[in-house]
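An overview of the molecular structure
Now for the letters of each chain:
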Amino acid sequence: MSKLVEEFNDYRAKMNEVILSKDNLVMKRLWNLDTNTYEDGALDKKTKEMLGLVASMVLRCDDCIKYHLGKNHELGVTTKEVYEIFAVANIVGGTIVVPHTRRAAEYWEELQGSPEE
């Protein structure tokens with residue numbers, strides 16, 4: 001796993017543990033709702049993760065973009081599919097999304113280079 005991916009995953013896990021350890025009911029419910037939202041339903045997980053990536057790009061949340069790229073990678077989304085997702089996000093979000101697309105492309109390349117492939 002690349003250093004960039006490992007650092008992101010480690011930091012996210014560490015801070016999620018800190019936040020959830022404070023035993024705040026609203027935060028726990030929010031995390032649960034988020035987890036359940038991406039489970040299979042009328043739409044499958046893969047489609048939902050693709051939608052999550054578009055939304056994250058349009059909202060310009062780099063952490064969210066990395067998270068959803070990782071999930072898309074785990075679910076077998078192809079590079080061609082990812083770049084179509086990028087295209088939709090840029091059309092919807094406008095040119096302000098371009099810098100986030102650059103960072104997303106970098107992160108996707110790092111995911112693709114993972115030895116687990």
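Rules behind the numbers
Residues numbered from 1 in each chain as written. Predicted model: local features only at pLDDT ≥ 70, side-chain atom pairs only at ≥ 80, totals over all residues. Heavy atoms only, no water. Disulfide = S-S within 2.5 Å. Buried < 20%, exposed > 50% of the residue type's maximum accessible area, 1.4 Å probe, protein only.

Within an unreviewed UniProt entry, the label attached to the protein reads Alkyl hydroperoxide reductase AhpD, and the organism entered is Filimonas zeae.

Glancing now at the state of the cysteines. In this structure the tally under the stated criterion is 1 disulfide. Covalently, C61 is tied to C64 through a disulfide, its sulfur atoms 2.4 Å apart. Residues C61 and C64 share a disulfide whose torsion about the S-S bond is about 65°; that sign makes it right-handed. The exposure class assigned to C61 is partly exposed, which follows from its relative accessible area of 25%. Looking at C64, the relative accessible area reads 31%, which means it is partly exposed.

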